[in-house]
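Spelled out, the chains give:
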Amino acid sequence: MSGNRRPIVFVIVTLGVLLLCGSLTPRLPTCAANVVWETDFNGTGFALWHIAYGSFSTSTNALVPTTAPALIMRTCYTAHGTWSFDLFWNGTRADIHLNMDGFMIRFYCAPGGDPYMGLYHYTGGSYHSFVTVESEEVTRYHESWVSVDVTRDVSNDEFMVYLNDTALWGSGEVIQPIYDSITDFAIECTDTTFAFDNAAVSDTVDITPPPSTSIPGFPTAAILLGVVTALGLGFTRRRNKRSPGRTT
């Protein structure tokens, strides 16, 4: 009767693999983006942008600081939705402000140190970090172009950040409901080695956030796969015990 176990085990393993693959499906747009504004800096100069200090150039069809420190901003009253841009991350620090006294996404790498990405909020007269990410996912994007998407959900004010489609934390981990409005989209650089392109803002969350994990740091798919496998093996053993004349 031992041969009868093979089809059952095969089905169990197949279901487990399909479950795992389904959990790794890339995030997809939830709806068509409702674009508020966008620019690719191709021959547009600084139309609708204001340079607060320093200087910038678009001669390479990307926004590049030519002196540092430098700060450029554009009016943006979108408080919830999706902020997207491409970043050439190759310097000490670049800050992306969503409201100058609100939220900030920081890309930082000290000389000789490891790069990290942080999400900050402004309170008490200065910026304070409420999440930082220093991992292989972040390190491998340093000194290269990276696509950045920042989302804020209107239902719970939850912020999410994606680098090249990779979410940097799980859903439900970062919620900051203090600020109801955002008035500016600003780019601040401490070095002239950064570059920006394809900036766009929409008032819809255009990306499906990753699911929450029931055990921090442990994928839900792995838990479910273990449960399915355990149940399947238990079923197989019980069936074999009930079968008379079972051979070993």
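Refer to the structure printed above.
Residues numbered from 1 in each chain as written. Predicted model: local features only at pLDDT ≥ 70, side-chain atom pairs only at ≥ 80, totals over all residues. Heavy atoms only, no water.

Visitor: Help me understand the overall build of the chain in this model?
Guide: When you go through the chain residue by residue, the secondary structure sums to three helices and 13 strands. Summed over all atoms, the accessible surface of the chain reaches about 12,900 Å², with 57% contributed by carbon and sulfur. (Helix = DSSP H or I, 4+ residues; strand = E, 2+ residues; numbered from the N terminus. Areas by Shrake-Rupley, 256 points an atom, 1.4 Å probe, with all protein chains shown as cover.)

Visitor: Mind showing me how you'd approach unusual backbone geometry here?
Guide: Most peptide bonds take the trans configuration, and most residues that are not glycine carry a negative phi. In this structure, the amide linkage connecting Ala 68 to the following residue, Pro 69, adopts the cis form with an omega of 5 degrees. Relative to the helices and strands, Pro 69 is located in strand β3 (residues 64-75). With phi around 60 degrees, Phe 41 is a residue other than glycine that occupies positive phi space. Structurally, Phe 41 can be placed in the loop between β1 (35-39) and β2 (50-57). Positive phi is not limited to glycine here, since Asp 165 has a value of about 75 degrees. Along the polypeptide, Asp 165 turns up in the loop between β10 (159-163) and β11 (166-167).

Visitor: Even after reading the chapter, I still don't get the sheet that holds strand β4 (residues 81-89), so can you show me in this structure?
Guide: Note on sheets: strands pair through backbone hydrogen bonds, and any given pair is parallel or antiparallel. Taken together, six strands build an open sheet; the order of strands is β1-β13-β4-β9-β10-β11 and the sheet is antiparallel. Pairing within the sheet leaves two strands with one partner each, and these edge strands are β1 and β11. Two elements, β1 and strand β13 (residues 195-202), share four bridges in a ladder whose sense is antiparallel. If you follow Val 35 over to β13, its bridge partner there is Ser 202. (Pairing = 2+ DSSP bridges.)

Visitor: Explanation requested: the sheet that holds strand β12 (residues 184-189) in the structure shown.
Guide: With respect to topology, seven strands assemble into an open sheet ordered β2-β3-β12-β5-β6-β7-β8, the strand pairing being antiparallel. Strands at the two margins of the open sheet, each flanked by one partner only, are β2 and β8 (126-133). Within the sheet, the average angular offset between the axes of one strand and its neighbour, ignoring direction, is 25 degrees. By the bridge criterion, six bridges tie β3 to β12 in an arrangement that is antiparallel. Counterpart to Arg 74 in the pairing with β12 is Phe 185. (Axes fitted to C-alpha atoms, helices over the stretch in contact; angles between N-to-C directions.)

Visitor: Can you help me understand the nonpolar core in this one?
Guide: If you look at soluble globular proteins, the nonpolar side chains tend to sit buried side by side. With 44 residues, the main nonpolar core has Phe 107, Trp 169, Phe 185 and Phe 196 as its most contacted residues. Once residues lying within four places of it in the same chain are set aside, the contact partners of Phe 107 are Phe 85, Leu 87, Trp 89, Thr 92, Arg 93, Ala 94, Ile 96, Tyr 116, Met 117, Val 148 and Leu 163. (Core = buried A, V, L, I, M, F, W, Y, C linked by side-chain atoms within 4.5 Å. Buried < 20%, exposed > 50% of the residue type's maximum accessible area, 1.4 Å probe, protein only. Contact = heavy atoms within 4.5 Å.)

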